[in-house]
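# Coordinate inspection notes
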Amino acid sequence: MSLPAKVTLVEVGPRDGLQNEAQTIPLAAKLQLIHDLADAGADGFIFEPVVDFGYMVDNFGKSHCLVGSFVDCRDLTFSKWDRVQADIDRTVERLSLIH
């Protein structure tokens, strides 16, 4: 049997996986999980605003693919467009600080 040269592993813990926990996971523990995943070789993160977007940009924006924003999916569904637009603007502004 021949094995592939590379395997893609998709870990959704920081985004979806922690929602299954009975107790709220402290922010520090979530951030440590993300750092541990990066140290283990993760090359990108998909996340929702439960993890601060600015923090993710500061710590991983130059070295990892980030899929996320300040926009909360609940706001896309239930809030007025002004709030969504403000969060989109915050996202673009924060990303513009990466050099």
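First things first, this report covers the structure right here in the doc. Residue positions are counted from 1 within each chain, in the order its sequence is given. Given that the model is predicted, a residue must reach a pLDDT of at least 70 before its local features are reported, and side-chain atom pairs must reach 80 or more before they are shown or counted; all residues, however, enter totals for whole chains, interfaces and linings. Calculated side-chain values reflect all of the structure's heavy atoms, with hydrogen atoms and water omitted.

Numbered from the N terminus, helices here are DSSP runs of H or I no shorter than four residues, and strands are runs of E no shorter than two. Within the protein, the secondary structure is distributed over 4 helices and 2 strands. Helices and strands in the protein line up, N terminus first, as α-β-α-β-α-α. Taken across its 99 residues, the protein has 26% of its residues classed as buried. Throughout, a residue-residue contact means that at least one pair of heavy atoms, one from each residue, lies within 4.5 Å. Counted over contacts in the protein with a minimum sequence separation of 6, partners at least 24 positions apart contribute 29%. Roughly 7,300 Å² of accessible area belongs to the protein as shown, and the carbon and sulfur atoms make up 55% of that amount. Accessible area is worked out with a 1.4 Å probe on protein chains only. A residue is then buried under 20% of its type maximum, exposed over 50%, and partly exposed in between. The accessible surface values rely on the Shrake-Rupley method and a 1.4 Å probe; as for residues, cover is taken only from the protein chains in view.

One less than the number of residues in a helix, times 1.5 Å, gives the span that helix is expected to have. With 13 residues, helix α1 (residues 27-39) extends 18 Å from end C-alpha to end C-alpha; this agrees with the ideal 18 Å at 1.5 Å per step. By the burial criterion, the buried members of α1 are Lys30, Leu31, Ile34, Leu37 and Ala38. Projected down its long axis, α1 shows its buried positions confined to an angular sector of 120°, all on one face. More than 90 degrees from the buried face of α1, the exposed residues found are Ala28 and Asp39. Summarising the contacts, the buried residues of α1 are in contact with β1 (44-46) and α2 (53-60). Downstream of α1 by a residue or two, glycine 41 has a phi angle that is positive, lying close to 115°. Taken from the helix axis, the directions to the C-beta atoms give the arc we talk about.

Glancing now at the nonpolar core. Think of a nonpolar core as a cluster: buried Ala, Val, Leu, Ile, Met, Phe, Trp, Tyr and Cys residues, connected wherever their side-chain atoms sit within 4.5 Å. Ile34, Leu37, Ala38, Phe45, Phe47, Phe53, Met56, Val57, Phe60 and Phe70 together form the largest nonpolar core, which totals 10 residues. Elements that contribute at least two residues to this core include exactly α1 and α2. Top element by residues in this core is α2. It accounts for 4 residues. Beyond its immediate sequence surroundings of up to four residues, phenylalanine 53 is in contact with Phe47, Gly68, Ser69, Phe70, Thr91, Arg94 and Leu95.

On to the packing of α2 against helix α4 (residues 81-95), then. Packed helices, taken two at a time, are described by the angle their axes make and the gap between the axes. In this analysis, axes come from line fits to C-alpha atoms, helices being fitted only over the stretch in contact, and the angle between any two N-to-C directions falls in the range 0 to 180 degrees. Two elements in contact, α2 and α4, have axes separated by 10 Å at closest approach and are oriented at 20°. Relative to α4, α2 is oriented roughly parallel. In the packing of α2 onto α4, the handedness of the crossing is right-handed. Judged by residue contacts, Phe53, Gly54, Val57 and Asp58 of α2 engage Thr91, Arg94 and Leu95 from α4. When an angle is under 35 degrees it counts as roughly parallel; over 145 it counts as roughly antiparallel; between 65 and 115 it counts as roughly perpendicular; any other value is oblique. Should the near helix be turned anticlockwise from the far one by less than a right angle, the crossing is termed left-handed; should it be turned clockwise, right-handed.

As a further point, take the packing of aromatic side chains. Planes of paired rings set the category: under 30 degrees apart is stacked, over 60 is edge-to-face and the rest tilted, where pairs are Phe, Tyr or Trp rings (Trp by its six-membered ring) whose centres lie within 6.5 Å. Within this structure, the stated rule accounts for 1 aromatic pair. Seen in terms of ring centroids, phenylalanine 45 and phenylalanine 60 are 5.2 Å apart; in terms of plane orientation they differ by 55°. Their pairing is tilted. Separated by 15 residues along the polypeptide, phenylalanine 45 in strand β1 and phenylalanine 60 in helix α2 bring together distant segments of the chain. Grouping residues by exposure puts phenylalanine 45 and phenylalanine 60 together as buried.

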